Amino acid sequence: MLVQPIQESVQSAHVVVLGNEKGGSGKSTTALHIAVALLKAGQRVATIDLDSRQQSFTHYIDNRRAWAERARVSLELPTHYCILRAEGNSLEANEARELENFSAAIGAIEHNHDVVVIDTPGADTYLMRLAHSMADTLVTPLNDSFLDFDVLATLDPTNFAVTGESHYAEMVREARRQRRLVDGRLTDWIVIRNRLSNLVSRNKRLVGDGINELSKRMGFRCVEGFAERVVYREFFPRGLTALDDLDEETLGTRPNLSHVTAREEVISVLNALQLPLSENGKRRAAARAEWFSVMDQPLQVHDIIG
């Protein structure tokens, strides 16, 4: 009798999708911070940019690679793909070509990486919807205003109570339903409130009340995200994040208290996401930290002032 060899199960990467149909919410900034944090944790990370027009995520990563070479500093980089827009005359043919390229990228990385981070465009496209239906973790950055909250819900103008779900929330509901039909799993959806004011205001309280009410109806988690800080915009030209070792060599200027606060914000958000870490990745991170300790070179600068 022939004995068939036991096939080890192939682990698929955890898929993190950044999504919001409203532009300017901080998707690309959040995406790179998530990717860099996971790389620093020893995870094998791949990234995909589905915003074929703006390509902000791709430009951010390109800037990071270029600055690392120019400044001769070590900056973690993911395996990156940008799905370019098809330019044919047929919408159906264009979608088929883009799907082919997206599928090829997923096929190349899903079994040899721990996490795939996908940045989606601020528009309703075929690939954007597909990515949402694939998400294990869906992260929706949302500026703290009623204008941005409009993509999630409709409000009563008198008492600001939630009266219904808007187009994006309805799309996410359907995407999560599709995911549940495929493998029985429910996407973990997290709404991140970005550009929060440090001041307690009526707008901040009312938006918060609306998000909390909607979270109970839609089943998402809400966390406080990044405040309105100039440093986040200054990071982009050099591809930096608040998690990098920010000294004068890397940053080009002396770090200040705002950089420290930004790092604390980012760490708080990442902890709230509760992303799974592979055991192999944890061992890689521990081994790297031990090597740096032996070489008397700390892996991360905890106090970046001074």
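What you are looking at is a predicted structure, and each value in this text was computed from that prediction instead of being measured.

Conventions we followed
- Residues numbered from 1 in each chain as written.
- Predicted model: local features only at pLDDT ≥ 70, side-chain atom pairs only at ≥ 80, totals over all residues.
- Heavy atoms only, no water.
- Helix = DSSP H or I, 4+ residues; strand = E, 2+ residues; numbered from the N terminus.
- Buried < 20%, exposed > 50% of the residue type's maximum accessible area, 1.4 Å probe, protein only.
- pLDDT = per-residue confidence, 0-100.
- Contact = heavy atoms within 4.5 Å.
- Pairing = 2+ DSSP bridges.
- Axes fitted to C-alpha atoms, helices over the stretch in contact; angles between N-to-C directions.
- Salt bridge = Lys/Arg side-chain N within 4 Å of Asp/Glu carboxyl O.
- Phe/Tyr/Trp six-rings, centres within 6.5 Å; stacked < 30°, edge-to-face > 60°.

### A few points about unusual backbone geometry
Inference 1: Its identity is not glycine, yet Q55 carries a phi of approximately 55°, on the positive side.
Inference 2: Tracing the backbone through its elements, the reader meets Q55 in the loop between β2 (45-49) and α2 (56-71).
Inference 3: In this structure Q55 comes out as buried when scored by relative accessible area, which is 17%.
Inference 4: Residues other than glycine seldom take positive phi values, yet R72 does so here, at roughly 55°.
Inference 5: Along the chain, R72 turns up in the loop between α2 and β3 (79-82).
Inference 6: Given the relative accessible area of 76%, R72 is considered exposed.

### Section: the confidence of the model for the chain
Inference 1: Per-residue pLDDT for the chain has a mean of 84; in total, 87% of the residues score no lower than 70.
Inference 2: Across residues 1-9, where pLDDT falls below 50, the model places zero contacts with residues more than four positions away in sequence or in other chains.
Inference 3: A low-confidence stretch, residues 291-306 (pLDDT under 50), is modelled with 21 contacts involving residues beyond four sequence positions or located in other chains.

### Examining the sheet that holds strand β8 (residues 188-194)
Each strand in a sheet pairs with another by means of backbone hydrogen bonds, the pair being arranged parallel or else antiparallel.
Inference 1: The strand order β3-β2-β4-β1-β5-β8-β9 describes an open sheet built from seven strands, whose pairing is parallel. Two strands in the sheet have a free side with no partner beyond their single neighbour: β3 and β9 (221-224). Each strand axis lies, on average, 20° off the axis of its neighbour in the sheet, ignoring direction.
Inference 2: As defined by bridge partners, β2 adjoins β3 across four bridges and the pair is classed as parallel. Paired with A46 across the two strands is T79, which belongs to β3.
Inference 3: Its contacts with the sheet put helix α7 (residues 202-218) on β5 (137-143), β8 and β9, and the angle it makes with β8 is roughly 175°.

### Thoughts on the pattern of salt bridges
Inference 1: This model, assessed by the stated rule, comprises 19 salt bridges.
Inference 2: Notably, a salt bridge pairs E165 with R173, separated by 2.7 Å at the nearest N-O pair.
Inference 3: The closest approach of N and O atoms between D183 and R179, which form a salt bridge, is 2.8 Å. One end of the pair, D183, and the other, R179, are both in helix α6 (residues 167-183), four residues apart, so they sit about a helical turn from each other.
Inference 4: Judged by relative accessible area, D183 falls into the partly exposed class, the value being 38%.
Inference 5: Sharing partners across several salt bridges, the network here consists of K40, R64, E76 and D244.

### Here we look at the packing of aromatic side chains
Inference 1: Within this structure, the stated rule accounts for six aromatic pairs.
Inference 2: Between Y168 and W189, the ring centres sit 6.5 Å apart and the planes meet at 70°, which makes this aromatic pair edge-to-face. One end of the pair, Y168, is in helix α6; the other, W189, is in strand β8, with 21 residues separating them in the sequence. Each of the two residues, Y168 as well as W189, counts as buried.
Inference 3: Centroid distance Y232 to F235: 6.3 Å. Interplanar angle 80°. Geometry classified as edge-to-face. Here F235 and Y232 lie together in helix α8 (residues 230-235), a separation of three residues that amounts to about one turn.
Inference 4: In this structure Y232 comes out as buried when scored by relative accessible area, which is 8%.

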